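# Examining the three-dimensional arrangement
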Amino acid sequence: MNENNISELLDDMSDWSDEDDTDADTDFQLENDSSDDSNYRYDLFALGNENYVNDVDIEIPPTPDTVPSQHNQCHRDASEPYWNDVDDGFQSNIVFNPNNEPVGINPDIIETLIEGSPYDFYSLFLDDDVMHLLVEETNRYAKSLLSTRISPHSRLHTWVDVTSVEMKTFLGIMMWMGLCPQPSIASYWKKSKIYASNIPKYMTRKRFELLLRSFHCCNNENCPPGDRLFIVSGLLDLLLSKYKMARTPKESMCIDESIVPFVSRLSFRQYIQNKRDRYGIKIFKSCIDNFYTVGFKIYAGKESVVDQRVSTKIVTEMADEYQDMGRTMFTDNWYSSYDLESELLKRSTHLVGTLRSNRKNNPIEVIKKTLKRGEVIV
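Residues numbered from 1 in each chain as written. Predicted model: local features only at pLDDT ≥ 70, side-chain atom pairs only at ≥ 80, totals over all residues. Heavy atoms only, no water.

## Observations concerning the packing of aromatic side chains
To keep it simple, the criterion reads: Two rings from Phe, Tyr or Trp (for Trp, the six-membered ring) form a pair when their centres are within 6.5 Å of each other. A pair whose planes differ by under 30 degrees is stacked, one over 60 is edge-to-face, and the rest are tilted. Helix and strand definitions follow DSSP, with helices as H or I runs of at least four residues and strands as E runs of at least two, each counted in order from the N terminus. Buried means the residue's accessible area, taken with a 1.4 Å probe over protein chains only, is under 20% of the maximum for its type, while exposed means over 50%, and partly exposed covers the values in between. For a Lys NZ or an Arg CZ to count as sitting over a ring, it must be within 6 Å of the ring centre and within 35 degrees of the ring normal.
Per the stated rule, a full pass over the model turns up nine aromatic pairs. Between the aromatic rings of F284 and W334, the centroid separation amounts to 6.5 Å while the plane-to-plane angle is 15°, which identifies the pairing as stacked. Of this pair, F284 sits in strand β6 (residues 279–287) while W334 sits in the loop between β8 (328–331) and α9 (338–345); the two residues are 50 residues apart in sequence, bridging distant segments of the chain. Since its relative accessible area comes to 8%, W334 is described here as buried. Ring centres of W334 and Y335 lie 4.7 Å apart, and the angle between their planes is 85°; this geometry places the pair in the edge-to-face category. Of the two residues examined, W334 and Y335, each falls in the buried class. Grouping aromatic residues by their ring pairs yields a cluster made of F170, W189, F208 and F215. Above the face of the W159 ring, R207 is positioned so that its terminal group lies 4.9 Å from the ring centre.

Laid out in structure tokens, this is it:
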């Protein structure tokens with residue numbers, strides 16, 4: 001097994017919320033109020049042009065505060081945004097990884113797991129620390145349930161503390177259920193050939209349902225008022241630390257959002273029409289090559305702050321620990337803006353992405369240029 005094999009294994013591995021402000025953007029105003037991406041022209045060059053170039057990727061040039069002076073900056077107002085022409089021979093003075101710090105897969109993983117099995121890589125992330133947290137909090141929560149008033153016939157009276165081995169079995173069954181959906185949980189234990197499954201060999205249905213009832217990853221007594229993510233924050237922090245330990249981003253990173261399907265009751269559940277799964281939990285993710293995730297942020301309510309766009313705040317927060325190394329952030333048109341690039345360039349970071357034509361501080365000569373199909377202006 002070589003480094004490429006290791007990389008592939010790592011890569012494989014309600015109520016409605018009324019506080020969704022992630023689409024509230026004071027930096028532009030839509031001409032058509034439509035949530036369907038196919039009915040709105042996002043590209044920078046489309047304004048007033050029937051034959052437009054759709055979703056053109058452009059790199060937003062650096063601001064004058066972060067690059068050497070150019071010959072055509074002499075008489076401009078320093079307070080005005082500056083866009084440099086490609087014809088001026090502009091070149092960024094930002095160099096990626098100037099101190100030659102190690103990037104890519106952690107060398108220790110390559111050395112220790114060169115002959116590793118899939119389970120070894122699974123255990124790299126769901127290791128003893130994670131299992132200890134789940135076992136401890138699940139047992140704690142089960143005991144707290146037993147201390148309340150429960151029916152004399154409740155199966156909670158048969159509770160026995162879960163062990164690390166049993167917790168691994170429980171998680172394995174959960175993953176298998178996700179891969180092989182059945183009409184109900186009870187279906188996995190039916191004896192009919194139609195519902196044939198090996199799950200009954202490893203755990204009884206009553207024990208599985210009891211663990212499912214008691215499964216927990218936090219101490220509810222320590223939950224601060226108003227913290228919607230406390231119940232999962234400890235587990236998420238552990239997993240994120242292990243994701244980051246396994247791989248260090250190279251030059252290119254991508255920041256975008258996705259929806260985790262969820263149809264039960266949840267105060268911050270979202271509905272997004274143009275996603276494949278329209279109902280669920282919105283997550284902002286930072287990813288690197290081969291779709292590996294190095295960071296994510298669950299959207300649990302309003303993110304807006306004074307004098308800063310929500311999308312700018314999201315990108316700068318998620319990219320914070322990876323800046324100052326000459327990296328390039330790739331985003332879509334909801335994030336890309338002159339203001340975001342200005343913030344990133346202060347930390348020696350580039351921005352590449354499609355740009356909406358009605359963003360503030362876009363160059364007028366580009367916006368008003370009429371293009372034929374296939375033409376590009378930069």
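## Considering the nonpolar core
Soluble, globular proteins show a tendency: their nonpolar side chains are buried together. The test is simple: Throughout this description, the term nonpolar core refers to a set of buried Ala, Val, Leu, Ile, Met, Phe, Trp, Tyr and Cys residues connected via side-chain atoms within 4.5 Å. Note on definitions: a residue-residue contact is assigned when non-hydrogen atoms from the two residues lie within 4.5 Å.
L134, M167, F170, L171, M177, F208 and L235 are the most contacted members of the largest nonpolar core, which totals 27 residues. Listing elements by their share of this core, those giving two or more residues are α4 (128–146), α5 (164–179), α6 (205–214) and α7 (230–246). Here this core gets eight residues from one element, more than from any other, and that element is α4. Setting aside residues no more than four positions away along its own chain, L134 makes contact with M167, L171, F215, H216, C217 and L235. I109, Y299, V310 and L351 belong to the second largest nonpolar core, which has 26 residues in total.

## A word on a nonpolar patch on the surface
Filter applied, for reference: Only residues whose relative accessible area exceeds 30% and that form no salt bridge enter a patch; like-charged residues are grouped when within 9 Å of one another, and nonpolar side chains (Val, Leu, Ile, Met, Phe, Trp, Tyr) when within 5 Å. All accessible-area figures derive from a Shrake-Rupley calculation using a 1.4 Å probe, and residue coverage is judged against the displayed protein chains alone. Any carboxyl oxygen of Asp or Glu within 4 Å of a side-chain nitrogen of Lys or Arg constitutes a salt bridge here.
Together, M174, I185 and L212 make up an exposed nonpolar region whose accessible area comes to about 210 Å². When you line up the elements, M174 lands in helix α5.

## Quick notes on the packing of α5 against α6
Formally: Note on definitions: angles span 0 to 180 degrees between N-to-C directions of axes, and those axes are lines fitted to C-alpha atoms, for helices only across the stretch in contact. Just so you know how the angles are binned, under 35 degrees is roughly parallel, over 145 roughly antiparallel, 65 to 115 roughly perpendicular, and the rest oblique. Note on residue classes: Ala, Val, Leu, Ile, Met, Phe, Trp, Tyr, Cys and Pro are nonpolar, Asp, Glu, Lys and Arg are charged, and everything else, Gly too, is polar.
At their nearest, the axes of α5 and α6 sit 11 Å apart, and the two run at 95° to each other. What the angle tells us is that α5 and α6 run roughly perpendicular. Of α6, the residues touching α5 (which contributes E166, F170, I173, M174 and M177) are R207, F208, L211 and L212. Counted by class, the contact of α5 with α6 contains seven nonpolar, no polar and two charged residues.

## Looking at the side chain of T138
Summarising the element assignment, T138 is placed in helix α4. On the basis of relative accessible area, T138 is assigned to the buried category, the value being 1%. If near-sequence neighbours (up to four positions away) are discounted, T138 is found in contact with W159, V162, M167, S214, F215 and H216.

## Observations regarding the pairing of β8
Within a regular strand, side chains alternate between the sheet's two faces. Stated formally: Pairing between strands is defined by DSSP: at least two bridges between them are needed. When the strands point away from the viewer, a crossover counts as right-handed if the path from the first strand over the helix to the second runs clockwise.
With three bridges joining them, strand β4 (residues 252–261) and β8 adopt parallel strand pairing. Pairing of M253 across the sheet is with M329, part of β8. Summarising the sheet, β8 and strand β9 (residues 350–353) pair through four bridges and their orientation is parallel. Paired with T331 across the strands is G353, a residue of β9. Taken together, β8, α9 and β9 constitute a β-α-β crossover, and its handedness is right-handed.

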